[in-house]
Amino acid sequence: MENLQGESLPVDYIPILIQLGVAVAFGVFAIVSTHLLGPKVRTESKLESFESGVKVIGNARQPFSIKYFLVALLFVVFDVEVIFMYPWAVNFREFGVEGLIEMFIFMGMLLLGFIYVIKKKALDWD
């Protein structure tokens, strides 16, 4: 419902609140029902941690190489840069030649960053 000035009223948000209530109720219902209806057998093998079928050996708090973090951060940076290409691809006809030149500049900067990463050997696992 909108008034004559085109403004939305608080009553317009009722469907959103109903959907939010249904989502929360379903989540609570799913958690409670699995707790009440699920099996109650607790054995030692069920209570120990599961690491993809591999037996846990040693302490999980041991240090490991910073290369994992570096590769993850580089993946996020390049992934976000690729995400910026989708809106351009959808509207590239509207942007014309100017938009094409801007995308070439963007891709060139992306390529320079990738070349820098390779020159610094940030992706080597040695």
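Residues numbered from 1 in each chain as written. Predicted model: local features only at pLDDT ≥ 70, side-chain atom pairs only at ≥ 80, totals over all residues. Heavy atoms only, no water.

Asks: So what's going on with the overall build of the chain? Residues and values would help.
Replies: Assigned secondary structure in the chain consists of 5 helices and 0 strands. For the chain, the spread of C-alpha atoms along the three principal axes comes to 70 × 65 × 20 Å. Relative to its 126 residues, the chain shows a buried fraction of 6%. Of the contacts formed within the chain by residues at least 6 apart in sequence, a portion of 53% connects residues at least 24 apart. Taking the average place of the 10 positive charges on the side chains of the chain and the average place of its 13 negative ones, the gap between the two points comes to 17 Å. (Helix = DSSP H or I, 4+ residues; strand = E, 2+ residues; numbered from the N terminus. Buried < 20%, exposed > 50% of the residue type's maximum accessible area, 1.4 Å probe, protein only. Contact = heavy atoms within 4.5 Å. Lys, Arg positive; Asp, Glu negative; His and termini not counted. Charge placed at Lys NZ, Arg CZ, Asp CG, Glu CD.)

Asks: Provide a residue-level description of the UniProt feature "transmembrane region" (unreviewed entry) in the chain, including the pertinent values.
Replies: As recorded in UniProt, the feature "transmembrane region" (unreviewed entry) lies at residues 13-37, 68-88 and 100-118. Across residues 68-88, helical content stands at 95% and strand content at 0%; the span's end C-alpha atoms are separated by 31 Å. (UniProt positions renumbered as here; feature names shortened; annotations may be inferred.)

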